[in-house]
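Letter by letter, the chains look like this.
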Amino acid sequence: AHLERIRAVDDRVKAFTLVTDDLALKQAEEADKRLASGENLSPLTGIPLAIKDVICTKGITTTCGSRMLENFKPPFDATVMEKLNATGAVMLGKTNMDEFAMGSSTEHSAFFPTHNPWDLDRAPGGSSGGSAAVVAAGMAMGSYGSDTGGSIRQPGALCNILGLKPTYGRVSRYGLVAFASSLDQIGPFARDAQDAATLLQAVAGHDQRDSTSSTQEVANYSQALTGNIKGMRIGVPKEYWVEGMDPGVEKVVHSAIEALRDLGAEIVDVSLPHTKYGLAAYYIVAPAEASANLARYDGVKYGYSYRDTDDMWEAMEKTRQNGFGAEVKRRIMLGTYALSAGYYDAYYKQAEKVRALIKRDFDEAFAQVDALVSPASPTVAFKLGEISDPYQMYLQDMFTIPANLAGICGISIPGGFSENLPVGVQLLGNTFQEAAILRIADAFE
Ligand code: GLN
């Protein structure tokens, strides 16, 4: 049924970079056998899912939305894929994204833009726009994306589904093509909190192959969904209401806060004073790490290779010139500059200090509250092509970026509509408090 749905609508939504029909049918058959035998069952056995094209799938093209990796077939599975395969889940295919996960609209895929299923003239958000769109359009029951500065939560918000960014270290990054290693996390997209809990459960946990993955015990997320949030303390950070924000978004988020109060939560005003520096710090730290991570695309090891020369330097230069798109090049240049001798102290080191202050703000807030509530994005879905200035695009993530800098978890949940377009509400939880934000999301539904 899902493959039929994909055939019916994906030529308009354009969410998949690859549909793995044959594999899906084979896996579905295996899942049927497993279900019939009643052995080895997982809640995901037979469930059709889609995977962002930044997560390595053995023998299956993993493009990262880039010409550079257009024909790249990884020789191994990401840990997340290994875990999903073990559950007997069915993989429908790989989803479109902004090149190397840099962007907020999925227009910066090297192949084609993805359209928002709620209004095909609009962007689904990004960079995991394909993974959000497949769930919103009923092409998959759930999906996975990656979030470095908002790439799960913002497209989740713009497509009216749930998008969860786990705590840094909760899900293994082994096999996730690196953008900014100290910020990247894999997480699920789902239609409700129960599904999000199940999808997170399947992939969370320590992995020896990712030295930053946590050994902390994984909570039982589904069990946390009691439907009851009476007495929970939820903070409203005053810095998350800024000028220039869409009034329709503001209205929906305020009524969501009232709904949480009606459910018995105690709503508390809090302050995160360094929020305003988050975006600037992120656009030093993320490009710096990206410039180092993307140095590996030299045309020698894997991916696209310019061969029309005998000169080694020319080969590397032309490989990178032809293989990377404009936004990726901009990040590499920004990052290289920020890390270069003489500028390191002025930019990178300064940004790391700001990052520590942002973390401290959250520590102080979470000493008083169980979770925070805010808008997920300052706007509703914008028209494709509407935002051409890169800086304007960066502003899309002003409410999501601080969580990545601090390593805490966050989820965006459908909050309501403004002029027929979905508005997302963001819930932030302290490190490893995914159960708390899922519980609130579930009670809110
Ligand atoms: N939009 C942000 C960026 O372009 C965040 C992307 C992400 O979370 N991968 O860097």
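About the criteria used
- Residues numbered from 1 in each chain as written.
- Predicted model: local features only at pLDDT ≥ 70, side-chain atom pairs only at ≥ 80, totals over all residues.
- Near = placed C-beta within 6 Å.
- Nonpolar A, V, L, I, M, F, W, Y, C, P; charged D, E, K, R; others polar.
- Buried ≥ 20, exposed ≤ 12 C-beta atoms within 10 Å, placed from the backbone.
- Helix = DSSP H or I, 4+ residues; strand = E, 2+ residues; numbered from the N terminus.
- Pairing = 2+ DSSP bridges.
- UniProt positions renumbered as here; feature names shortened; annotations may be inferred.
- Contact = placed C-beta atoms within 7 Å.
- Core = buried A, V, L, I, M, F, W, Y, C linked by C-beta atoms within 7 Å.
- Expected span 1.5 Å × (residues − 1).
- Arc of directions from axis to C-beta.
- Axes fitted to C-alpha atoms, helices over the stretch in contact; angles between N-to-C directions.
- pLDDT = per-residue confidence, 0-100.

**Re the site of the ligand**
For step 1, the next point in the chain: Close to the ligand lie 13 residues, the nearest being Ala 101, Ser 104, Thr 148, Gly 149 and Ser 151.
For step 2, the next point in the chain: When the residues that make up the shell around the ligand are grouped by side-chain class, the tally is four nonpolar, seven polar and two charged.

**Some words on the pairing of strand 10 (residues 409–418)**
For step 1, the next point in the chain: Summarising burial for strand 10: seven of the 10 residues are buried, a large majority.
For step 2, the next point in the chain: Strand direction decides the pairing type here: strand 5 (residues 162–165) and strand 10, joined by three bridges, are antiparallel. In the sheet register, Lys 165 faces strand 10, and the bridge partner there is Gly 410.
For step 3, the next point in the chain: Connecting strand 10 to the next strand, strand 11 (residues 421–429), in antiparallel fashion are two residues, including Glu 419 with a positive phi near 45°.

**A short note on the UniProt feature "active site" (unreviewed entry) in the protein chain**
For step 1, the next point in the chain: In the numbering used here, UniProt assigns the feature "active site" (unreviewed entry) to Lys 52, Ser 127 and Ser 151. A maximum C-alpha distance of 11.0 Å is found for the annotated residues, which run over 100 residues; spatially they form one tight group.
For step 2, the next point in the chain: Assignment of secondary structure puts Lys 52 in strand 2 (residues 48–52).
For step 3, the next point in the chain: Classification of Lys 52 as buried rests on a count of 31 C-beta atoms within 10 Å.
For step 4, the next point in the chain: Relative to the helices and strands, Ser 127 is located in the loop between strand 3 (90–95) and helix 4 (129–136).
For step 5, the next point in the chain: Sequence-distant contacts of Ser 127, that is, excluding residues within four places in its chain, are made with Met 97, Asp 98, Ala 101, Met 102, Gly 103, Ser 104, Thr 106 and Ser 151.

**Quick word on the nonpolar core**
For step 1, the next point in the chain: Grouped together as the largest cluster of nonpolar side chains are 128 residues, with contacts concentrated most on Leu 49, Ile 55, Leu 162, Ala 371 and Leu 427.
For step 2, the next point in the chain: By residue number, the principal contributor to this core is helix 8 (residues 278–293), which donates eight residues.
For step 3, the next point in the chain: Once residues lying within four places of it in the same chain are set aside, the contact partners of Ala 371 are Ile 234, Leu 427, Leu 428, Gly 429, Ala 436, Ile 437 and Ile 440.

**Description of helix 11 (residues 345–366)**
For step 1, the next point in the chain: For helix 11, with 22 residues, the first-to-last C-alpha span of 31 Å sits near the 32 Å given by 1.5 Å per residue.
For step 2, the next point in the chain: Tyr 347, Tyr 348, Ala 351, Arg 355, Ile 358, Asp 361, Phe 362, Ala 365 and Phe 366 are the residues of helix 11 that are buried. Seen end-on, helix 11 carries its buried residues on one side only, within an arc spanning 130°. Among the exposed residues of helix 11, those pointing more than 90 degrees away from its buried face are Asp 345, Ala 346, Lys 349, Lys 353 and Ala 356.
For step 3, the next point in the chain: In this structure, the buried residues of helix 11 make contact with strand 7 (233–237), strand 8 (266–270), helix 8, helix 10 (326–339), strand 9 (371–375) and helix 13 (401–406).

**A word on the pairing of strand 6 (residues 185–190)**
For step 1, the next point in the chain: Extensive coverage of strand 6 is indicated by the burial of six of its six residues.
For step 2, the next point in the chain: Relative to strand 6, strand 4 (residues 142–147) runs antiparallel, the two being bridged by five bridges. The residue bridging Ser 146 from the neighbouring strand is Ile 186, located in strand 6.
For step 3, the next point in the chain: Summarising the sheet, strand 5 and strand 6 pair through two bridges and their orientation is antiparallel. Paired with Leu 162 across the two strands is Ala 190, which belongs to strand 6.

**Remarks on the sheet that holds strand 7**
For step 1, the next point in the chain: Across the sheet, 11 strands lie side by side as 1-3-2-4-6-5-10-11-9-7-8; this open sheet has mixed pairing. Of all strands in the sheet, those bounded by a partner on one side alone are strand 1 (16–19) and strand 8. Strand-to-strand twist of the sheet, defined as the mean angle between neighbouring strand axes without regard to direction, takes the value 30°.
For step 2, the next point in the chain: The sheet strands contacting helix 2 (residues 21–37) are strand 1, strand 2 and strand 3, and the helix crosses strand 3 at an angle near 155°.
For step 3, the next point in the chain: Helix 4 contacts strand 1, strand 2, strand 3, strand 4, strand 5 and strand 6 of the sheet and is inclined by roughly 155° relative to strand 4.

**Looking at helix 9 (residues 312–323)**
For step 1, the next point in the chain: In this model helix 9 runs 16 Å from its N-terminal to its C-terminal C-alpha over 12 residues, within 8% of the 16 Å that 1.5 Å per residue would give.
For step 2, the next point in the chain: Among all positions of helix 9, only Thr 319, Arg 320 and Gly 323 are buried. All buried residues of helix 9 fall inside an arc of 85° around its axis, so they share one side. Opposite the buried face of helix 9, by more than 90 degrees, sit the exposed residues Trp 313 and Gln 321.

**Describing the environment of Leu 200**
For step 1, the next point in the chain: Along the chain, Leu 200 turns up in helix 6 (residues 193–203).
For step 2, the next point in the chain: In the structure, Leu 200 is positioned 20 residues away from Asn 220 in sequence and 10.0 Å away in space, judged by C-alpha atoms.

**Some remarks on the confidence of the model for the protein chain**
Residues shown with low pLDDT carry predicted positions that ought not to be read at fine detail.
For step 1, the next point in the chain: Per-residue confidence for the protein chain gives a mean pLDDT of 97; residues scoring 70 or more make up 100%.
For step 2, the next point in the chain: Here the complex is predicted with pTM 0.98, and the ipTM for its interfaces comes to 0.97.

**Quick word on unusual backbone geometry**
For step 1, the next point in the chain: Residue Ser 127 is reached from Gly 126 by a cis peptide bond, and omega for that bond is 10°.
For step 2, the next point in the chain: Backbone geometry places Thr 106, a non-glycine residue, at a positive phi of 60°.
For step 3, the next point in the chain: By the secondary structure assignment, Thr 106 is in the loop between strand 3 and helix 4.
For step 4, the next point in the chain: Positive phi outside glycine occurs at Phe 432, with the angle close to 65°.
For step 5, the next point in the chain: By the secondary structure assignment, Phe 432 is in the loop between strand 11 and helix 14 (434–444).
For step 6, the next point in the chain: Judged by C-beta crowding, with 21 C-beta atoms within 10 Å, Phe 432 ranks as buried.

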